[in-house]
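Survey of secondary and tertiary structure
Below are the chains, spelled out letter by letter.
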Amino acid sequence: MAVKRKGNTGLGVKGRRVIAYTVLIIVSFFCLFWFYVLFINATRSHSELTKGYTAIPSTHAFENLYNILHGVLPIGQGMLNSLIVATGSAVLTTYFSTMTAYAIHAYEFKAKKFMFAFILMIMMIPTQVTALGFIKLVDQLHLENTFIPLIVPAIAAPVTFFYMKQYMESTLPLSLIEAARIDGAGEFRTFNTIVLPLMKPAIAVQAIFSFVGSWNNYFTPALILHDDNKKTLPILIAQLRGADFLKFDMGQVYMMIAFSIFPVIVVYLLLSKHIVQGVAMGSVKG
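These remarks concern the structure in this document.

Parameters at a glance
Per chain, residue numbering runs from 1 following the sequence as it is written. It should be noted that, the model being predicted, local features are given only for residues of pLDDT at least 70 and side-chain atom pairs only at 80 or more, the latter also being counted only at that level, while totals for whole chains, interfaces and linings use all residues. With hydrogens and water excluded, all non-hydrogen atoms of the structure serve as input to the side-chain values. Cavities and pockets were defined on a 1 Å grid built over protein atoms only: a cavity is a set of grid points that admits a 1.4 Å probe from which the probe cannot escape, a pocket is an open set flanked by protein on both sides within 12 Å along at least five of seven lines, and lining residues are those with an atom within 4 Å of any such point. Grid points are joined across faces, edges and corners, and a volume is the space filled by probe spheres set on the points. Helix and strand assignments follow DSSP, with helices taken as H or I runs no shorter than four residues and strands as E runs no shorter than two, numbered in order from the N terminus. When the centres of two rings from Phe, Tyr and Trp lie within 6.5 Å, Trp using its six-membered ring, the rings pair. Their planes under 30 degrees apart give stacked, over 60 give edge-to-face, and anything left gives tilted. Burial here depends on accessible area, computed with a 1.4 Å probe over protein chains only, as a share of the maximum for the residue type. Under 20% is buried, over 50% is exposed, and the range in between is partly exposed. In this text, buried Ala, Val, Leu, Ile, Met, Phe, Trp, Tyr and Cys residues form a nonpolar core when linked through side-chain atoms within 4.5 Å. Throughout, a contact is declared for two residues whenever any of their heavy atoms are within 4.5 Å. Counted as salt bridges are all cases of a side-chain nitrogen of Lys or Arg within 4 Å of a carboxyl oxygen of Asp or Glu. To estimate how far a helix should reach, multiply one less than its number of residues by 1.5 Å. A residue's bend is the angle separating two fitted axes: one through the seven residues that end there, the other through the seven that start there. Residues are grouped as follows: Ala, Val, Leu, Ile, Met, Phe, Trp, Tyr, Cys and Pro are nonpolar; Asp, Glu, Lys and Arg are charged; every other residue, Gly included, is polar.

Right, let's talk about empty space enclosed by the protein for a bit. In this structure the tally under the stated criterion is one cavity of 30 Å³ or more. Each pocket or cavity is described by its volume, and for the largest cavity that value is around 40 Å³. Surrounding the largest cavity, Ser 82, Val 85, Ala 86, Ser 214, Trp 215, Asn 217, Pro 221 and Thr 232 form its lining. Elements supplying a minimum of two residues to the lining of the largest cavity: helix H4 (75-106) and helix H11 (200-215). At three residues, the largest contribution of residues to the lining of the largest cavity is made by H4.

What follows is the structure in structure tokens.
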């Protein structure tokens, strides 16, 4: 009886690799193309932008940069304000979310499952729903026009907590914590000297996400900050875009947007080496 051999219909390793690289190149192109358009438009004047798109850079980059830095709006102060708010939010979010995840992961108590479920339920509440009550609370505490309401609430970050909890389950064995306790280490020392170094990839990933989210946040700062010297860059960009017809300059708008994303790119480059490792390990439940 003849045995029919099954032909190899697969593409093989080389074929799959070619397809994978082709898809990655296409996706990368579409992701980076809009940044290219942004930086090209930032080098053009308002009159050139009204004539349509071109892929060739113009010669008005320094002129646009000079105009936004020496214009009516305090762009330099806005950059500093955004850095303060975004950095403070990223630090508080990552540190206290990691601490909360550590408490849920390492301790056994009666309300453990309820607390975990309760924190996850908070994830489903949109910011806009609680905005009115939050503004009333800020007003009662006399914290309007300050950075405190924009930084301190970052301590409670359910999404970051959930990510840290999942990451701990795959990378932080309870036996390591027990060994530290047996050696006489206190809880804060165990957390700061053992847990945090192990969580460095996840902390880097969430620090980037928290920084970018706070940096791009327009809704809450627009409700709290009123003085131009206190406003963050997203608010100033909106004001520049909302200028009247005689003062509106699209070249300055593009330059200001490009100017505002530069710190985000720097933060990403500094922490990007941890992204792949952190995302891969945090998505695997041990």
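Additional details are given in the paragraphs that follow.
Moving on: the packing of aromatic side chains. Overall, the coordinates contain 12 aromatic pairs when judged by the stated rule. Judged by centre distance (6.0 Å) and plane angle (25°), the rings of Phe 114 and Phe 118 are stacked. Of this pair, Phe 114 and Phe 118 are both found in helix H5 (residues 112-122), four residues apart, which corresponds to roughly one turn of the helix. Here Phe 114 falls in the exposed class, since its relative accessible area comes to 53%. Since its relative accessible area comes to 37%, Phe 118 is described here as partly exposed. Through a chain of ring-to-ring contacts, three or more aromatic side chains come together here, namely Tyr 95, Phe 96, Tyr 102, Tyr 107 and Phe 191.

Core analysis: the largest hydrophobic core is formed by 21 residues, its most contacted members being Ile 75, Phe 211, Trp 215, Leu 233, Leu 236 and Met 256. Mapped onto this core, the elements with two or more residues apiece are helix H1 (12-42), H4, H11, helix H13 (233-241) and helix H14 (250-271). The dominant element in this core, judged by the number of residues it contributes, is H14, at seven residues. Apart from the residues lying within four places of it in its own chain, the contact partners of Leu 236 are Leu 73, Pro 74, Ile 75, Gly 78, Asp 228, Lys 231 and Met 256.

Even without being a glycine, His 142 presents a positive backbone phi close to 60°. Inspection of the secondary structure puts His 142 in the loop between helix H6 (127-140) and helix H7 (148-151). Of note, the phi angle at Asn 145 is positive, near 65°, even though the residue is not glycine. On the secondary structure map, Asn 145 appears in the loop between H6 and H7. On the accessibility criterion, Asn 145 (15% relative accessible area) is buried.

Once that is clear, we can look at the pattern of salt bridges. If charged atoms from side chains of opposite charge come close, those side chains can pair. In the structure shown here, the tally under the stated rule is five salt bridges. The partner of Glu 108 in a salt bridge is Lys 112, with the nearest N and O atoms 3.2 Å apart. Under the relative-accessibility criterion, Lys 112 is labelled buried at 17%. One salt bridge in this structure joins Glu 169 and Lys 165, with 2.4 Å as the shortest N-O distance. Taken together, the residues span about one helical turn, with Glu 169 and Lys 165 both in helix H8 (residues 158-171) at a distance of four residues.

Within an α-helix, residues lying three or four positions from one another point in the same direction, as the helix has 3.6 residues per turn. Between its terminal C-alpha atoms H1 stretches 45 Å, which fits the 45 Å expected from 31 residues at 1.5 Å a residue. The largest bend along H1 reaches roughly 30° and is located at Leu 32. For H1, the complete set of buried residues consists of Val 37, Leu 38, Ile 40, Asn 41 and Ala 42. Those residues of H1 that are buried lie in contact with helix H2 (46-49), helix H3 (61-69) and H14.

Roughly 1000 Å³ of volume is contained in the largest pocket. Around the largest pocket sit 32 residues that line it, and Thr 127, Pro 153, Ala 154, Ala 156 and Ala 157 are the ones nearest its centre. Looking at the lining of the largest pocket, the elements with two or more residues in it are H4, H6, H7, H8, H11 and helix H12 (219-224). It is H6 that provides the largest number of residues to the lining of the largest pocket, a total of six residues. Class assignment for the residues of the lining of the largest pocket results in 20 nonpolar, 12 polar and no charged.

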